[in-house]
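# Secondary and tertiary structure notes
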Amino acid sequence: MVKIEFGTALIKSLKSGYNLKDFKSDAISGLVVSLVSLPLAMALAIAVGLNPSYGVYTAMVAGFFAALLGGSKTQVSGPTAAFVAILAPIYTKYGIEGLITSQFMAGIIVIFMSVFRLGKYMKYMPHSIVLGFTTGIAIVIFVISLKDFLGFNLPKFDGYLYYRLKTLLSNINTISLADMTIGLTTLLLIRFWHRIPFIVLQKLPSIVGAIFITSIISYIAIKNGYDIKTIESTFSFIENGIKISGIPNKLPDFSGNLIITDSNMIVQLLPSAFMIALLASLESLLSARMADSLAGTKHDSNSELFGIGFANFISSLFQGMPATGAIARTATNIKSGAKSPISSMICSLLVTLYVLTFAHIIDDIPMAALSAVLINTAINMIEIKEIKTVLKSGLKEDSIALIVTIVLTATTDMIIGVASGMATILLLNLKHFKEKSYSKIEGQTLQLTGDLTFSNFDNIFTSKFTNLNQSNITIDLSNIGYIDLSSIKQVEYCIENNEKNINIKVKAKDKIKKLIEGLTNLSKERFI
C-alpha cells in the first residue's frame, strides 16, 4: 500500500507544544524574509524574461503551499536563481504556455517521486556535479543580469552564453551611465551594508536597504530629467482590454487555460519538465538538509518533495513560475528565529499584502537595482574557495567532472551540463565501482574497506552509521584505498549532524586524512 506523506513539518510543530511565543518568532522571521523575497522574486522573473509579477505570484502561492505541505520546519520556497538557466530557454522557445505546461508536469512528477519514495535516490547525485551546475548557472545569471545592470538598449537578448556575450559587446555603445550608476551603487550597498555606520540601517536586510536607497535616488534623478529604467517603464499588463504599466496590484488570475494539451508538444516539453522536477527536488532537499544543520532539526524528505511538487502544480495554475527550496532565504529565516513552517506561510501572506497595497511604489524600483540583486546572488553562488580546493586535492575524477559540468552548463544548458558531467564521472569511476567494498562493526568501531564513491557510500556507511548507539565511535578508514568528494562530504555531514551527540573520531591513512581535512571543516581533534 502506497503511503502519502505531506504536511509533516507543520503537524510536528503544532504537536510539540507550539505557543504564542513561537508564533511571535515566526511572525518576525516571516516579516524579515518577506522583505528579502519580494525583490528577489521579481529579479528572478525578469531574468527569465517574464513580467516581475510571475515571480511575486510564485512567492505568494508556491511559497505558502510548500510550507503548508512540506517536511522541513524552516524551509522557505520560491523562485530561485538555479532555475534561471533552465527556464529562460524554455520561455524563449515555447513561450509562457510552454513554461507553464512544463512546470505543471514537473509538479506532478515530483509528487509521484514523493509517493513512491524516490527522494532517497537524490543523494546519489555526486557533489562535484552539484557544485558544477551551480557554478555554471551562476555564470549564466551574471551575464543575463548585465543587460539591465548596465542599462543596455537591446531589442533581443537570448540564446546561449556565446550569443549573449556577442550581443552585449556589439551593443556596448548603448550602455546607460545613469542605469549603471544605480546598478553599481546597489551592488556596493548590498556587499558592504554591514559596514554602514548607522546602526538603525544595519538592522534592515542588505537587499532591502540597498533597493530602498537606490529607488529614492532613481526617483529623484528621473524627476530631474535622467532616463532610468524602472519596473513601470519596462513592464505592463492588460486589464479589461487596457494596457497598464508596472505590475498588477491584484491576486493572480487562473492560468490553467494556458496549459498545452497537444500530445506532440507535450512530448517535446517532457525533457524540460523532468529537468525542472530534478532541480526542484534536488535543491529542495539540499536546502532542507542545510536547514537541519543550522536549526538542529530533521526534515522528512518525502513530505518535502510532496510539498514542493504540489506547490509547483498549483503555482502553474495561478501565473507562477517553477519554485524550489531557497537556501539563502531559508538561512535568513532560521537566523531570524523561525520555529515552524508558519514563518514561511506568513512570509507568503505578507508578500501578497505588499502587492495588493504597495504595487504603485514597487513599480518605481529601478531595473538596474534588481539586476544588482541577481549579480550579488550569482557571486554568492560561486564557491571559488571550494572549487580551488577540489581542483588542488588530487581527486582527478571529481575535478574533471566538475570542469565539464561548469563549462557545459554555462555554455549550453543545464541538461547537457549535468548529463555530460554524470557520464564523465561514471566513466572515470568504473575501476572504483569494480572494487569490492564493505563495512563491519567491531565494538565501537565502524570499519570500512575498499573504495568509497557516491554510488556505494550510502549502503556501506550511512545505513550502518545511523544504527550505532554507542557514546563513542571510531570511523576506521585505514583500509580505504580511494574516497571521492561525495563520500568525504557525507562523512562530514554524518559527524556534524548526528542527533545522538555521539563523540566521533576518524582514523585514516595520511593521504586520506589530508584529503578529508582539506575538503571539510572537521577539526584536527576529530582524527586519531
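This structure is a prediction, so every number in the text was calculated from the model and none was measured.

## Some words on the overall build of the protein chain
Across its full length, the protein chain carries 22 helices and 8 strands. Whereas a compact globule of 528 residues would reach a radius of gyration of roughly 24 Å, the protein chain reaches 24 Å, a difference of no more than 12%. Expressed as a percentage of the 528 residues in the protein chain, the buried residues total 56%. The long-range fraction of contacts in the protein chain, counting pairs at least 24 apart against all pairs at least 6 apart in sequence, stands at 79%. With the model as given, the accessible surface of the protein chain reaches about 23,300 Å², and the carbon-plus-sulfur share is 62%. Seen as two clouds, the 45 positive and the 35 negative side-chain charges of the protein chain have centres 6 Å apart.

## Focus on the side chain of Thr 101
On the secondary structure map, Thr 101 appears in helix H4 (residues 84-115). Among the polar contacts made by the side chain of Thr 101, one reaches the main-chain amide nitrogen of Ile 260 at a distance of 2.8 Å. For Thr 101, the contacting residues outside a window of four places in its chain are Leu 258, Ile 259, Ile 260 and Leu 269.

## Focus on the sheet that holds strand S6 (residues 445-452)
Read from one edge of the open sheet, 4 strands run S5-S6-S7-S8, paired in mixed fashion. Strand pairing shows two members of the sheet lacking a second neighbour, strand S5 (438-442) and strand S8 (503-507), which therefore form its edges. In this sheet, adjacent strand axes meet at a mean angle of 20° when their direction is disregarded. Where strand S7 (residues 472-483) meets S8, 5 bridges bridge the pair, whose relative direction is parallel.

## Considerations on the packing of aromatic side chains
What the rule picks out here adds up to 12 aromatic pairs. For the pair Phe 457 and Phe 461, a centre-to-centre distance of 4.6 Å together with 35° between the ring planes defines the contact as tilted. In this pair, Phe 457 and Phe 461 both sit in helix H20 (residues 457-465), 4 residues apart, roughly one turn of the helix. A relative accessible area of 4% means that Phe 457 is categorised as buried. The rings of Phe 64, Phe 65, Phe 104, Phe 310 and Phe 313 are connected pair by pair, giving a single aromatic cluster. The cationic tip of Arg 164 hangs over the ring face of Phe 157; the distance from NZ or CZ to the ring centre is 5.1 Å.

## A look at empty space enclosed by the protein
To find leftover empty space, a probe the size of one water molecule is rolled over the atoms. This model, assessed by the stated rule, comprises 1 cavity of 30 Å³ or more. Taken as a whole, the largest cavity holds about 60 Å³ of empty space. Taken together, the elements giving at least two residues each to the lining of the largest cavity come down to helix H3 (52-69), strand S1 (77-78) and helix H14 (342-362). For the lining of the largest cavity, the element with the highest residue contribution is H14, accounting for 3 residues. Taken together, the residues that form the lining of the largest cavity break down as 3 nonpolar, 6 polar and 1 charged.

Thresholds, definitions, all that
Residues numbered from 1 in each chain as written. Predicted model: local features only at pLDDT ≥ 70, side-chain atom pairs only at ≥ 80, totals over all residues. Heavy atoms only, no water. Helix = DSSP H or I, 4+ residues; strand = E, 2+ residues; numbered from the N terminus. Rg over C-alpha atoms; globule rule 2.2 N^0.38 Å. Buried < 20%, exposed > 50% of the residue type's maximum accessible area, 1.4 Å probe, protein only. Contact = heavy atoms within 4.5 Å. Areas by Shrake-Rupley, 256 points an atom, 1.4 Å probe, with all protein chains shown as cover. Lys, Arg positive; Asp, Glu negative; His and termini not counted. Charge placed at Lys NZ, Arg CZ, Asp CG, Glu CD. Polar contact = N/O pair within 3.5 Å; in protein donor to acceptor, adjacent residues only side chain to side chain. Pairing = 2+ DSSP bridges. Axes fitted to C-alpha atoms, helices over the stretch in contact; angles between N-to-C directions. Phe/Tyr/Trp six-rings, centres within 6.5 Å; stacked < 30°, edge-to-face > 60°. Lys NZ or Arg CZ within 6 Å of the ring centre and 35° of its normal. 1 Å grid on protein atoms, 1.4 Å probe; cavity = no way out; pocket = protein on both sides within 12 Å on 5 of 7 lines; lining within 4 Å. Points joined across faces, edges and corners; volume = space filled by probe spheres on them. Nonpolar A, V, L, I, M, F, W, Y, C, P; charged D, E, K, R; others polar.

Shape descriptors only; they carry no functional weight alone.
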